[in-house]
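# A look at the structure
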Amino acid sequence: MSKFARLFVVFGLTLVALLPGYARAGLSIEIVGGAASRIPIAIAPFLPAGAQGDDPAKVVRSDLQNSGMFSLADSTGLGVPGEAQTVLYPQWRTRGADALVVGQVIKMPDGRLNVRFRLYDVIRQTQLAGFSYLIPANKLRATAHRISDVIYEKLTGVPGNFGGRIAFVLKHKGRYELQVADADGYDNVMVMRSPEPVLSPVWSPDGTRLAYVSFERKRPVVFVQNLATGRRIAVAHFPGSNSAPAWSPDGKKLAVVLSKDSSAQIYLIGAEGGAPTRLTRSGALDTEPAFSPDGNWIYFTSDRGGTPQIYRMRSSGGSASRITFDGSYNVSPNPSPDGRYLAFVHQGSDGFHIAVMELATGQTQILTDGPSDEYPHFAPNSRSILYSAHEGGREVLAEVSVDGSVKQRLSIPGDLREPSWAPAHFDLN
Amino acid sequence: MKNLTLISLLVASVLLTACGTTETKAPIEEKSATPTAPAAPTGPQVETHGLAPGAQDQSEPLSGGNSQVVGVDAAGAAMLKDPNNILSKRIIYFDFDKSSIKPEYQPLISAHAAFLKKYPQAKVVLQGNTDERGSREYNMALGQRRADSVKQALSVLGVQADQMETISFGEEKPAAEGHDEAAWKQNRRTEIHYQGE
């Protein structure tokens, strides 16, 4: 590229960076499957009626419907009951609802909002939950997701993921962006942008940092970026390739793959850099390390047996035992946060699929249809797996429940890839 | 004169970049692990955006390039560029999931080995690449092995280890954009790049 062209590109990037709201369009979600029996639930509009654009009920409806675990009962014509009124159970029962959500938003004199809701069991005619939140006005959508989490947990027995956040890579018009978004893809913001490839973003256990690989220095380098400040550290930029970062559960170390001594091998390095400790000495390709939730083990991909398969070793290194045996290509291990499952990519005769193994039994199930499904990452509640998929020549994000019964796709213009869930129970602001 | 123009354009680009974001520039904190690789002579513009209220956007400076092949005289540089010289051929292609060098590439490897021995100050970066199939990180490792395999072949012919660096771009820098074998076979490759080119 000529110097003049380079100058133009730099200036163009600067302009784009100054445009507010750039690339913040919400993701569209398409459900391609669902649970066999869904829980019928009515979600009445929140008071005050009329503020439809900001009605948390709309967000809650969308969350629960997209989960594939609920069906929405029609609540039109039954008014806006608010959270304080006596519930007229029979009229909700005639709409087929087993559960009912009512709520309201009260504007406080200081500008904050008081969001209140109650969840009722329509059949037993009892209240299951009731909460009040005092929030800044710009947190209404986030609060609606928290309400969805409460409802989901009360009715399914499993914590919800709606209030969680995800990170992913967006490739659009030849540029690469790291973005962070709500679990439903809304409120996506750019946290890093580069004209060179960016890959493998993973969230630190405390939710404050992202580790990722960037090619901006003409070689793959592992960075750790503080999400609040945008400042970052090149934690692994040794000669050769530096890639595949994985956080230790205490957030103090990263397993990384370096080629400084030999072809791709796994090392441990401090989360702020420092001297690496070599963990594997196989002479084969060892990559894609992932810690078990208790920190005692590292799962990884190796072709030491002739084909790429998943192995497990102590997190201090040493001998490894093979975990996958079915097929000639099993890669990208991701253990569930509850330690029960291992998600990975399995190549079958018709392409690449997301598979899940129950670790105690070794029982394996293929969850997705392919043909090019990659990068599985468990949600914090261990009940669903986000991954990258190809659809009509584009890359999209997809989600599948751990039993394979519920599938969703999220899309936005450009290629979306390599989704990573933020850990549960943190709030960046 | 040409050099002067180049320098003033570079200065202008730095100034323009600075003007665009005067309020928000801050140096990126770089803590280096040891031993570190030398910083690349050219770097693209990378921006980060903090999510906390009041966090400042950050941007890395654009450094200048140079177009002098390191450790090579004019005659050598001309050889590297001459399309009739085998040294202008820089790409070794591989079979699927393989990193062994096919016999047809032996003349190419031998020519570069001879050149690197003649110019012991010259340095090459061997960039390994894969097709798009399978895991991105496994492909990073596979691309690395393809680069290492060319390094090994050059090394057997007497090229010094410190003249060669191997890196992998995995599937991230395809030479052909298609999604079929015709594209894939062009993407399974190692490229030889002379430092400073």
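Cut-offs applied
- Residues numbered from 1 in each chain as written.
- Chains lettered and ligands numbered in written order.
- Predicted model: local features only at pLDDT ≥ 70, side-chain atom pairs only at ≥ 80, totals over all residues.
- Helix = DSSP H or I, 4+ residues; strand = E, 2+ residues; numbered from the N terminus.
- Buried ≥ 20, exposed ≤ 12 C-beta atoms within 10 Å, placed from the backbone.
- Contact = placed C-beta atoms within 7 Å.
- Pairing = 2+ DSSP bridges.
- Axes fitted to C-alpha atoms, helices over the stretch in contact; angles between N-to-C directions.
- Core = buried A, V, L, I, M, F, W, Y, C linked by C-beta atoms within 7 Å.
- pLDDT = per-residue confidence, 0-100.
- Expected span 1.5 Å × (residues − 1).

From N to C terminus, chain A includes four helices and 30 strands. A total of 429 residues make up chain A; the buried ones form 52% of that total. Partitioning the intrachain contacts of chain A with sequence separation of at least 6 by distance along the chain shows that 44% fall at a separation of at least 24.

A separate point is the overall build of chain B. Helix and strand content of chain B: five helices and six strands. Each helix and strand of chain B, placed in order from N terminus to C terminus, yields the pattern α-β-β-α-β-α-β-α-β-α-β. Split into buried and exposed, the 197 residues of chain B put 34% on the buried side. Sequence separation of at least 24 residues holds for 68% of the intrachain contacts in chain B that already meet a minimum separation of 6.

So, about the sheet that holds strand S8 (residues 175-182) of chain A. Here six strands make up an open sheet; going across it, the order is S30(A)-S7(A)-S8(A)-S9(A)-S1(B)-S2(B) and the pairing antiparallel. Among the strands making up the open sheet, the edge pair consists of strand S30 (415-421) of chain A together with strand S2 (58-59) of chain B. For strand S7 (residues 165-172) of chain A and S8 of chain A, the ladder comprises eight bridges, and the chain directions are antiparallel. If you follow His-172 of chain A over to S8 of chain A, its bridge partner there is Arg-175 of chain A.

Residue and element names in this part refer to chain A. That bond from Leu-47 to Pro-48 is cis: its omega, -5°, falls within 30 degrees of zero. Along the chain, Pro-48 falls in the loop between strand S2 (39-43) and helix H2 (56-66). A cis amide bond links Gly-370 to the next residue, Pro-371, at an omega of 10°. At Ser-200, a position not held by glycine, the phi torsion is positive, near 60°. By the secondary structure assignment, Ser-200 is in strand S10 (residues 198-203). Residue Ser-200 is classed as buried on the basis of its C-beta count, with 23 C-beta atoms lying within 10 Å. For Glu-418, which is not glycine, the phi dihedral falls at a positive 55°.

All names here are of chain B. One open sheet holds the four strands; their spatial order is S3-S6-S4-S5, and the pairing between them is mixed. The sheet is open, and its two edges are formed by strand S3 (91-93) and strand S5 (164-170), each paired on a single side. Neighbour to neighbour, the strand axes of the sheet diverge by 20° on average, direction disregarded. Judged from the six bridges that link them, strand S4 (residues 124-129) and S5 form a sheet pairing that is parallel. Paired with Leu-126 across the strands is Thr-166, a residue of S5. Across the face of the sheet, helix H4 (residues 136-156) comes into contact with S3, S4, S5 and strand S6 (189-194) while running at roughly 155° to S5.

What follows covers the pairing of strand S20 (residues 309-314) of chain A. Residues and elements named next belong to chain A. By the bridge criterion, six bridges tie strand S19 (residues 297-302) to S20 in an arrangement that is antiparallel. The residue bridging Tyr-299 from the neighbouring strand is Arg-312, located in S20. Where S19 folds back on S20, the antiparallel hairpin that results is connected by six residues, among which Gly-306 adopts a positive phi of roughly 110°. As paired strands, S20 and strand S21 (residues 320-322) are joined by three bridges and run antiparallel to one another. Among the inter-strand pairings, Tyr-311 is bridged to a residue of S21, identified as Arg-322.

Turning our eyes to something else, we now look at the pairing of strand S15 (residues 253-258) of chain A. Residue and element names in this part refer to chain A. Most of S15 sits out of view: six of its six residues are buried. Here S15 shows two buried faces, one formed by Lys-253, Ala-255 and Val-257 and the other by Leu-254, Val-256 and Leu-258. Examined bridge by bridge, strand S14 (residues 242-247) and S15 share four bridges and lie antiparallel to one another. Bridge pairing links Ala-246 to Ala-255 in S15. Where S14 folds back on S15, the antiparallel hairpin that results is connected by five residues, among which Gly-251 adopts a positive phi of roughly 75°. Two strands pair when backbone bridges link them, and S15 and strand S16 (residues 265-270) are joined in this way by six bridges, in the antiparallel orientation. Across the sheet, the residue bridging to Ala-255 is Leu-268, located in S16.

Residues and elements named next belong to chain B. On the secondary structure map, Val-46 appears in the loop between helix H1 (2-20) and strand S1 (47-48). Given 24 C-beta atoms within 10 Å, Val-46 falls into the buried group. Separated by 74 residues in sequence, Val-46 and Pro-120 place their C-alpha atoms 34 Å apart.

A few words on the nonpolar core. Residues and elements named next belong to chain A. One finds Leu-210, Val-235 and Val-256 to be the most contacted residues of the largest nonpolar core, which totals 90 residues. Sequence-distant contacts of Leu-210, defined by excluding residues within four places in its chain, comprise Ala-167, Leu-178, Val-191, Pro-201, Val-202, Trp-203, Gln-225 and Leu-227. In terms of nonpolar packing, the next biggest core, distinct from the first, is built from 31 residues, Ile-41, Ile-43, Met-69 and Tyr-120 among them.

With that settled, the discussion passes to the confidence of the model for chain B. All names here are of chain B. In this model, chain B carries an average pLDDT of 79, and 74% of its residues clear a pLDDT of 70 or more. Note on residues 1-43: pLDDT is under 50 here. Beyond four places in sequence and across chains, it has 67 contacts. Interface confidence in the predicted complex, given as ipTM, is 0.85; pTM for the same model is 0.83.

Turning next to the confidence of the model for chain A. Put simply, chain A has an average pLDDT of 87, and 89% of its residues get 70 or more. With pLDDT under 50 throughout, residues 1-26 of chain A is counted as low confidence; its partners more than four residues away or in other chains account for 31 contacts.

With that out of the way, let us pick up helix H4 (residues 140-156) of chain A. All names here are of chain A. Given a rise of 1.5 Å per residue, 17 residues ought to cover 24 Å, and the 24 Å separating the end C-alpha atoms of H4 matches this to within 8%. Buried residues dominate H4, accounting for 12 of its 17 residues. All buried positions along H4 are accounted for by Ala-142, Thr-143, Ala-144, His-145, Arg-146, Ile-147, Ser-148, Asp-149, Val-150, Ile-151, Tyr-152 and Leu-155. The inward-facing, buried residues of H4 abut S2, H2, strand S4 (99-107), strand S5 (113-121), strand S6 (126-135) and S8.

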